[in-house]
Amino acid sequence: MKKIYFDMDGVLVDFEPTFLAVSGGITHNDDSHVYRAVTKLISQTEFFRDLPTHPAFMPLVFIMQECDLLGIEIHILTSLGKHWNTDRGVKTYANKIAWLTEHLDPHFTNYVFHVVPDANDKHRYGDANSFLIDDRQDNCEGFCKHGGMAHQFQGKIEDLANDLGKFVYNTK
């Protein structure tokens, strides 16, 4: 059975603008002590629960609904970060579940929720019957190396629809 994996932060959730505002401009690619302090702080709050939906959220929900009608399994695949096995990871997990309950569940509930300790672990779900929608290039590349197809989402539904159509209808 075919499966589509939707990332949360950067795909369903408008993560980057809020993170940049909270961090004072430090990006998630920065490995400084400031970045680590910011991530520690936000993992102790309701940061992930309170994030806004991505501007393309409703078109993405429509894609979920249409693919579900075609018999394709819908999965949400997200990372809890480096502290996944601590109280901070438990709080992040609870906040992401709360976000899905508030924002996605009113529109679509036929999905499977997965968490990985680190975003780089998403490749474990890659196989010939799977498609990943993720904003990070490294996650997409790792997924493809394990046999899956992927689309690096940059907010353009038309680009996603083109790549997803190739997967859904087995065309190149």
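Conventions used here
- Residues numbered from 1 in each chain as written.
- Predicted model: local features only at pLDDT ≥ 70, side-chain atom pairs only at ≥ 80, totals over all residues.
- Heavy atoms only, no water.
- Helix = DSSP H or I, 4+ residues; strand = E, 2+ residues; numbered from the N terminus.
- Rg over C-alpha atoms; globule rule 2.2 N^0.38 Å.
- Buried < 20%, exposed > 50% of the residue type's maximum accessible area, 1.4 Å probe, protein only.
- Contact = heavy atoms within 4.5 Å.
- Lys, Arg positive; Asp, Glu negative; His and termini not counted.
- Charge placed at Lys NZ, Arg CZ, Asp CG, Glu CD.
- Polar contact = N/O pair within 3.5 Å; in protein donor to acceptor, adjacent residues only side chain to side chain.
- Expected span 1.5 Å × (residues − 1).
- Arc of directions from axis to C-beta.
- Core = buried A, V, L, I, M, F, W, Y, C linked by side-chain atoms within 4.5 Å.
- Pairing = 2+ DSSP bridges.
- Right-handed = clockwise from strand over helix to strand, strands pointing away.

A. Representation of the overall build of the protein within the structure. Each helix and strand in the protein was counted, giving 7 helices and 5 strands. Element order for the protein, N to C, with α for helix and β for strand: β-α-α-α-α-β-α-β-β-α-β-α. Whereas a compact globule of 172 residues would reach a radius of gyration of roughly 16 Å, the protein reaches 16 Å, a difference of no more than 12%. Reported as C-alpha extents along the three principal axes, the dimensions of the protein are approximately 45 × 35 × 30 Å. Burial analysis of the protein (172 residues in total) assigns 43% to the buried set. When contacts within the protein are restricted to residue pairs at least 6 apart in sequence, long-range pairs at least 24 apart make up 66% of them. Put simply, the protein has 16 plus and 24 minus side-chain charges, and the middle of one group is 5 Å from the middle of the other.

B. The arrangement of the side chain of Ser130 in detail. Looking at the secondary structure, you find Ser130 in strand β4 (residues 130–134). On the basis of relative accessible area, Ser130 is assigned to the buried category, the value being 0%. Of the polar contacts made by the side chain of Ser130, one reaches the backbone nitrogen of Asp127; its length is 2.7 Å. Not counting chain neighbours up to four residues away, the residues in contact with Ser130 comprise Lys3, Tyr5, Tyr125, Phe143, Gly148, Met149 and Phe167.

C. Molecular detail of helix α5 (residues 87–103). For α5, built from 17 residues, the straight-helix expectation of 24 Å at 1.5 Å per residue is met to within 8% by its first-to-last C-alpha distance of 24 Å. Looking only at α5, the buried set comprises Arg88, Gly89, Thr92, Asn95, Lys96, Trp99, Leu100 and His103. Relative to the axis of α5, the buried residues are bounded by an arc of 140 degrees and lie together on one face. Opposite the buried face of α5, by more than 90 degrees, sit the exposed residues Asp87, Val90 and Glu102. Contacts from the buried residues of α5 go to α2 (33–42), α3 (47–50), α4 (57–69), β2 (73–79) and β3 (111–116).

D. How the structure looks around the side chain of Asn95. Mapped onto the secondary structure, Asn95 falls in helix α5. Residue classification places Asn95 among the buried residues on the basis of a relative accessible area of 6%. Within the structure, the side chain of Asn95 is placed 3.0 Å from the backbone oxygen of Thr45, a separation counted as a polar contact. If near-sequence neighbours (up to four positions away) are discounted, Asn95 is found in contact with Thr45, Glu46, Phe48 and Arg49.

E. The arrangement of the nonpolar core in detail. If you look at the biggest cluster of nonpolar residues, it comprises 38 residues, and the most contacted ones within it are Ile4, Phe6, Leu12, Leu60, Ile76, Leu104 and Leu164. The element that contributes the greatest number of residues to this core is α4, accounting for 6 residues. Setting aside its immediate chain neighbours within four residues, Leu164 contacts Ile4, Ile63, Cys67 and Phe131.

F. How the structure looks around the pairing of strand β5 (residues 149–152). One ladder, built from 4 bridges, connects β4 with β5; its direction is parallel. Within β5, the residue paired with Leu132 across the bridge is Ala150. Since β4 and β5 lie parallel, the crossover through helix α6 (residues 137–145) that links them has a hand, and here it is right-handed.

Such coordinate-based values are descriptive only and should not be taken to indicate function.
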